[in-house]
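# Geometric and topological summary
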Amino acid sequence: MVNQGETGIPRPLPELEGLSGDFYGYCRDRELRFQRCSDCGQWRHVPREMCAECGSWNWEGERSSGRGRVFTWTVVARALHPAFQDACPYAPVVIEMEEGVRVLSEMTDCAPEELEIDLPVEVVFEDVNEDVTLPKFRRTAS
Amino acid sequence: MTDEACIVGIGETAYVRKPGSGLSLLGLQLQAAVRAIEDAGLTGRQIDGIMPFPNLGHAESFAANLGCENLRFQSIVWMGGAAPVASLRVAAAAVRQGLADHVLIPGGWNGYSGARARQTVAEDVSSLPGGAIARDYYLPFGFSAPPQWYSVMARRHMHEFGTRAEQLGCIAVAMRKHAQLNPNAVMKARPMSIEDYLASPMLADPYRFFDCCLETDGAAAVVVTTPERARDLGKEPVFIMSAAAGQPCPADEITNRKDIFQTGLSLAAPEAFGRAGISPGDVDFAQIYDCFTFEVLQQLEEAGFCKRGEGGAFVEGGRIELGGELPVNTHGGLLSEAHVLGLNHIVEAVRQLRGDAGERQVAEAEVGVVTGWGDFGDGSIAILRRA
Ligand SMILES: [Zn+2]
């Protein structure tokens, strides 16, 4: 289990309520799904009540290809949250998915110094506990 | 062009780290407020509008201590570090509309001796406009604090435009140079070279330790009124030619903007320059909200002092230092004077336009710009001129 550092402070987890409950519920089922407007077809992330493009309230949780590319990242050398002190250095990464939306996540198989912009990646799922599964990413097998 | 309002009073506390201010959060801000009110030639009774900084105080508490018997206007702009300059705009509108005669804008904190500045949002993001989003989509991955949020933009800028660490260093070094001329700067007598900058440890790569603002105790305040009232106060006012604020889209989430470099200032700056009837080339100095070095570069671009992508070259060669084409943060800024939430930037702009900046005075300063930056890139700008 990677979710607790040696400091014993548990990492913060998402609240599984409302639209975040939907998103992380799909992840628990090992599916990466983003909202897609049923009327204009626009993909979106993070989840929203309405489509900012066309004003529609109708959406589906549509399955993502799970593939994307590294858009940017930071390497945290000194944690500012106590739960991450033992994880340093670690790299929060922004992934641009094939659908166009961007997701903030972490790599599972790539040290921070090996990251590159446009590196092809694919989603993997990491169970934190029986309720929460986080979407993370690894290099796409070429 | 019509001036929108005036700043008639400025006040500051001492800016310190060890052993701390020795004052409460409210007491510290009141000390700055009293000085600003006195500087304006007013009394607490004449302050009838108060605009506190988000989460740092209530207008009622200020009024009860200052004896504001006629408090009839209060408002808080929920834009983090962009709030003080955005408050100038709201205060200007308020005095013009007659909602208040004299509006006090205070701000400050014990960011060193109290809860450290770095902790304000790192462990509890709920006070942010995008707090629930950060909680559910950022914090589980350790993307928990401002230097991390903003450094992903800095890296992308480096990728797209070739911006280099040495150029960010030029900003840190310029602020530190200016602080050597400021007796109230926490970093006075602690000069820094570009080598010192490059040798400082990484915090959130590409941000090094010296890319980051200070953690300090201190408060500042300003008083806003109409040009008509200012005339009766006996002190040369500083005129607010225009002030504007804006939000990026979406403002509550930093990774999914169509244009990753768009900030609130991208909207606010053209509005402010348009209303003032001047262009960035007419400006004698700029006090740019410098929570981190790259945010200075980004705001210089988005405000139109240079084109997007050219900020790295712009800050080189002493251009943003005193004596350069556009002196930036002549007091040392949040990086080297103190982190007073950008209130200290407004105070310094007024001091420059009064000709009271001593050793660091910009010669013949007539027009100055001050900006604010907050939360996930909210922006504000005021264009000020001397009497
Ligand atoms: Zn739509």
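For the structure itself, look to the data block above.
No experiment lies behind these values; they were computed from the predicted model shown.

## Section: the interface of chain A and chain B
- Counting from both sides, the interface comprises 38 residues of chain A and, opposite them, 35 residues of chain B.
- Summed over both sides, the interface between chain A and chain B buries roughly 3,300 Å², with carbon and sulfur atoms accounting for 57% of that surface.
- Here B:Asp252 makes a salt bridge to A:Arg48, at a shortest N to O gap of 2.7 Å.
- Taken together, chain A and chain B are joined by 19 residue pairs in polar contact (both at pLDDT 80 or more).
- Of all the secondary structure elements, the ones that give two or more residues to the side of chain A that touches chain B are helix 1 (18–28), strand 4 (67–73), strand 5 (75–76), strand 7 (102–105) and strand 9 (133–139) of chain A.
- At four residues, the largest contribution of residues to the side of chain A that touches chain B is made by helix 1 of chain A.
- Tallied by class, residues from the side of chain A that touches chain B come to 24 nonpolar, six polar and eight charged.
- Here strand 5 of chain A pairs with strand 5 (residues 202–205) of chain B via two bridges, running antiparallel. Residue A:Val75 lies in a different strand from strand 5 of chain B, and its bridge partner there is B:Asp205.

## Here we look at the side chain of B:Asp211
Residue and element names in this part refer to chain B.
- Here Asp211 lies in the loop between strand 6 (207–208) and strand 7 (217–225).
- Within the buried set, Asp211 has no salt-bridge partner at all; the shortest N-O distance to an opposite charge, 5.1 Å, is to Arg208.
- Asp211 has contacts with Leu168, Tyr197, Pro206, Cys291, Phe292, Thr293 and Leu335, leaving out every residue within four places of it along the chain.

## Overview of the coordination of the zinc ion
Residues and elements named next belong to chain A.
- Protein coordination at the zinc ion: the donors are Cys37 (SG), Cys40 (SG), Cys51 (SG) and Cys54 (SG), at 2.3 Å from the metal.
- Angles of 104 to 114 degrees at the metal separate the four donor atoms of the zinc ion, which places the site in the tetrahedral class.
- Counting residues between consecutive donors of the zinc ion along the chain gives the motif C-x2-C-x10-C-x2-C.
- Here Cys54 falls in the partly exposed class, since its relative accessible area comes to 41%.

## Some remarks on helix 11 (residues 293–302) of chain B
All names here are of chain B.
- Counting buried residues along helix 11, ten of its ten residues qualify, which places the element largely inside the surrounding structure.
- Listed in full, the buried residues belonging to helix 11 are Thr293, Phe294, Glu295, Val296, Leu297, Gln298, Gln299, Leu300, Glu301 and Glu302.
- Phi for Gly304, located one or two positions after helix 11, is positive at around 95 degrees.

## Details of the layout of surface pockets
- Its boundaries defined by the atoms lining it, the second largest pocket holds a volume of some 590 Å³.
- In terms of lining, the second largest pocket is formed by 23 residues, of which the most central are A:Gln42, A:Glu53, B:Pro250, B:Asn256 and B:Lys258.

## Regarding the side chain of B:Glu337
Residue and element names in this part refer to chain B.
- With respect to the helices and strands, Glu337 occurs in the loop between helix 13 (333–336) and helix 14 (343–354).
- Nearest to the buried, unbridged Glu337 among oppositely charged side chains is Arg360, at 5.0 Å.
- Within the structure, Glu337 has its side chain in polar contact with the side chain of Asn344 (distance 2.9 Å).
- Glu337 has contacts with Glu12, Tyr15, Asn182, Asn184, Ala185, Val186, Leu214, His331, Gly332 and Asn344, leaving out every residue within four places of it along the chain.

## Side note on the packing of helix 1 (residues 25–39) of chain B against helix 2 (residues 59–66) of chain B
Residues and elements named next belong to chain B.
- For the pair helix 1 and helix 2, interaxial distance at closest approach is 11 Å and the crossing angle is 60 degrees. One element, helix 1, and the other, helix 2, form an angle in the oblique class. Along this stretch, helix 1 crosses helix 2, giving a crossing that reads as right-handed. Between helix 1 and helix 2, the contacting residues are Leu26, Gln29, Leu30, Ala33, Val34 and Ile37 on the first element and Ser61, Phe62, Asn65 and Leu66 on the second.
- When its residues are assigned to classes, the contact of helix 1 with helix 2 shows seven nonpolar, three polar and no charged.

## Digging into the environment of B:Arg135
- Within the fold, B:Arg135 resides in helix 5 (residues 131–138).
- The spacing of B:Arg135 and B:Val125 is ten residues in sequence and 6.7 Å in space, taken between C-alpha atoms.
- In this structure, B:Arg135 is in contact with A:Leu13, A:Pro14, A:Glu15, A:Glu17, B:Val125 and B:Pro140, ignoring residues within four places of it in sequence.

## Quick word on the sheet that holds strand 4 of chain A
Residue and element names in this part refer to chain A.
- Strand order in this open sheet of five strands is 7-6-4-8-9, and the pairing throughout is antiparallel. Of all the strands in the sheet, just strand 7 and strand 9 have a single pairing partner and so form its edges. The mean angle between the axes of side-by-side strands here comes to 45 degrees, regardless of whether they run parallel or antiparallel.
- Where strand 8 (residues 120–127) meets strand 9, seven bridges bridge the pair, whose relative direction is antiparallel. Each bridged residue has a counterpart across the sheet, and for Asp127 the counterpart in strand 9 is Thr133.
- Those strands touched by helix 1 are strand 8 and strand 9, and its axis lies near 60 degrees from that of strand 9.

Cut-offs applied
- Residues numbered from 1 in each chain as written.
- Chains lettered and ligands numbered in written order.
- Predicted model: local features only at pLDDT ≥ 70, side-chain atom pairs only at ≥ 80, totals over all residues.
- Heavy atoms only, no water.
- Contact = heavy atoms within 4.5 Å.
- Buried area = accessible area lost by both parts, 1.4 Å probe.
- Salt bridge = Lys/Arg side-chain N within 4 Å of Asp/Glu carboxyl O.
- Polar contact = N/O pair within 3.5 Å; in protein donor to acceptor, adjacent residues only side chain to side chain.
- Helix = DSSP H or I, 4+ residues; strand = E, 2+ residues; numbered from the N terminus.
- Nonpolar A, V, L, I, M, F, W, Y, C, P; charged D, E, K, R; others polar.
- Pairing = 2+ DSSP bridges.
- Buried < 20%, exposed > 50% of the residue type's maximum accessible area, 1.4 Å probe, protein only.
- Lys, Arg positive; Asp, Glu negative; His and termini not counted.
- Donors = N, O, S within 2.8 Å, 3.2 Å for Na, K, Ca; no water.
- Tetrahedral: all angles 85-135°; square planar, octahedral: opposite > 155°, others 65-115°.
- 1 Å grid on protein atoms, 1.4 Å probe; cavity = no way out; pocket = protein on both sides within 12 Å on 5 of 7 lines; lining within 4 Å.
- Points joined across faces, edges and corners; volume = space filled by probe spheres on them.
- Axes fitted to C-alpha atoms, helices over the stretch in contact; angles between N-to-C directions.
- Parallel < 35°, antiparallel > 145°, perpendicular 65-115°, else oblique.
- Left-handed = near helix turned anticlockwise from the far one by under 90°.

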